[in-house]
Amino acid sequence: MEMPFDEDGDQDGPGDEATVLTVTIGPDAPGRLDKALAAAVPEGASLSRSRLARMIAEGAVSREGVAVTDQKAKVAEGEVYSLRLDPAATIETLPEAIPLTVVWEDAELIVIDKPVGMVVHPAPGTPSGTLVNALLHHCGDTLSGIGGARRPGIVHRIDKDTSGLLVVAKTDRAHHGLARQFEEHSVTRRYLALVHGVPMASDPRLRGLRGVTAEAAGVLRIATNLARHRTDRQRQAVVWEEGRHAVTRFRVAEAFGTQAALVECWLETGRTHQIRVHLAYAGHGLVGDQTYGGKKRLGSVLGQGAVLGNAFPRQALHAAALGFDHPVTGERLEFSSPLPADMAGLIEALRAG
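Small disclaimer: the values here were computed from a predicted structure and weren't measured. (Residues numbered from 1 in each chain as written. Predicted model: local features only at pLDDT ≥ 70, side-chain atom pairs only at ≥ 80, totals over all residues. Heavy atoms only, no water.)

**Q** Lay out the pairing of strand S7 (residues 163-169) in plain terms, naming residues and giving numbers.
**A** Within S7, 7 of the 7 residues are buried, which leaves it mostly tucked inside the rest of the structure. Where strand S6 (residues 109-114) and S7 come together, 6 bridges link them in antiparallel fashion. Looking at the pairing, Lys 114 lines up with Gly 164 of S7. (Buried < 20%, exposed > 50% of the residue type's maximum accessible area, 1.4 Å probe, protein only. Helix = DSSP H or I, 4+ residues; strand = E, 2+ residues; numbered from the N terminus. Pairing = 2+ DSSP bridges.)

**Q** With reference to specific residues and values, describe the sheet that holds strand S2 (residues 61-63).
**A** Spatially, 4 strands are ordered S1-S4-S2-S3 in an open sheet, and the strand pairing comes out antiparallel. Each having just a single partner strand, strand S1 (19-24) and strand S3 (66-67) make up the two edges of the open sheet. Judged from the 2 bridges that link them, S2 and S3 form a sheet pairing that is antiparallel. When the sheet's bridge partners are listed, Arg 63 is paired in S3 with Val 66. Along the sheet, helix H2 (residues 49-57) makes contact with S2 and strand S4 (80-85), crossing S4 at roughly 95 degrees. (Contact = heavy atoms within 4.5 Å. Axes fitted to C-alpha atoms, helices over the stretch in contact; angles between N-to-C directions.)

**Q** Can you tell me about the side chain of Arg 189, naming the residues and giving the values?
**A** Take Arg 189: it is sitting in strand S8 (residues 188-196). Excluding residues within four positions of it along the chain, Arg 189 makes contact with Phe 182, Cys 265, Trp 266, Leu 267, Glu 268, Thr 269, Gly 270, Ala 321 and Leu 322.

**Q** Just give me the short version of helix H4 (residues 172-183), but keep the residues and values in it.
**A** Over its 12 residues, H4 extends 16 Å from the first C-alpha to the last, a length consistent with the 16 Å expected when each residue adds 1.5 Å. Those residues of H4 that sit buried are Ala 174, His 175, Gly 177, Leu 178, Ala 179, Gln 181 and Phe 182. For H4, the elements touching its buried residues are S7, S8, strand S14 (317-325) and strand S15 (332-336). Where H4 terminates, the next one or two residues include His 185, which has phi positive at roughly 60 degrees. (Expected span 1.5 Å × (residues − 1).)

**Q** How would you sum up the packing of helix H1 (residues 33-40) against H2? Please name residues and give values.
**A** Running from amino to carboxyl end, H1 crosses H2 at an angle of 125 degrees, the nearest separation of the two axes being 9 Å. Judged on the interaxial angle alone, H2 and H1 are oblique. The chirality of how H1 crosses H2 is right-handed. Counting all contacts with H1, which are made through Leu 33, Asp 34, Lys 35, Leu 37 and Ala 38, the residues of H2 involved are Arg 49, Leu 52 and Ile 56. (Parallel < 35°, antiparallel > 145°, perpendicular 65-115°, else oblique. Left-handed = near helix turned anticlockwise from the far one by under 90°.)

**Q** If you had to explain the packing of aromatic side chains to someone new, which residues and values would you point to?
**A** Taken as a whole, this structure holds 3 aromatic pairs when the rule is applied. With a centroid separation of 5.9 Å and an interplanar angle of 55 degrees, the aromatic rings of Trp 104 and Phe 335 are classed as tilted. With Trp 104 in strand S5 (residues 102-105) and Phe 335 in strand S15, the pair connects residues that are 231 residues apart, well separated along the chain. With 6.0 Å between their ring centres and 40 degrees between their planes, Phe 324 and Phe 335 make a pair best called tilted. Of this pair, Phe 324 sits in strand S14 while Phe 335 sits in strand S15; the two residues are 11 residues apart in sequence, bridging distant segments of the chain. (Phe/Tyr/Trp six-rings, centres within 6.5 Å; stacked < 30°, edge-to-face > 60°.)

What follows is the structure in structure tokens.
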């Protein structure tokens, strides 16, 4: 079963004792220790490059029994390193009186319009102030035991700096019913994004890009596999022989000259950073996306729109519509969310040019 909420790769149930992970430096590895380890550790270990750097500094990385504390230390193919993985600190998730925008709620589920900047569930870097903390306060004991102690009721998530709609289960039967719909790809998820350039189905470059096909009504479909980037474990990358299958459809809703466009995106699957990775792969990274947007900048022809767009502090992405069958009544539920003020203001500025 696809688990739509596994995007951050964290795990419940930390052990009581440290474990040791043995890593061998492979061919064509980066020449310095931190980068080489980031490329070599298995994806299932969920070790980001920043965490590996901390482990090196703390003496948790050794070679032949000797700690290596310089993250820039030179490495060679075939060298074997031992990584001491200390047990994760237990995160006690407590209710917090954080305001929520509730779009729908009954005894089985709740639909939230998440603001920019809110993390969905606690993790070592964000143990509080999350949507889960707010839901525990709002729903009381209703969420207890649903979906695990760390993320009760969460069946899918959206990134911290992405705004918009998500549904949370309040009962076991709702949780299982919603998870099944995500697995079967019967949940409707429509996003709005501002991107660099204007992606067109008639563009021969796009039509010749592996995994990209043109469909009716100007829709483009991207189908690839996605996996963690080999040298930056905080990022995802398009791959073909490994990873997990991912499908995104998108089309232009409004163009701003040739410099930028508002696009509608539909998710068939729900992988980590999927829209951001796929549109960057297509050469149309999101405005404000510091991770996947590259160094593209909007030209001065867009006037104040270019000024605002080049300074936009987050990826310009909004979960605008969500639809699913109620897991108990069977009723089809459809919800929509207006654009947040920052994206709406940017669009008005781009229109004005």
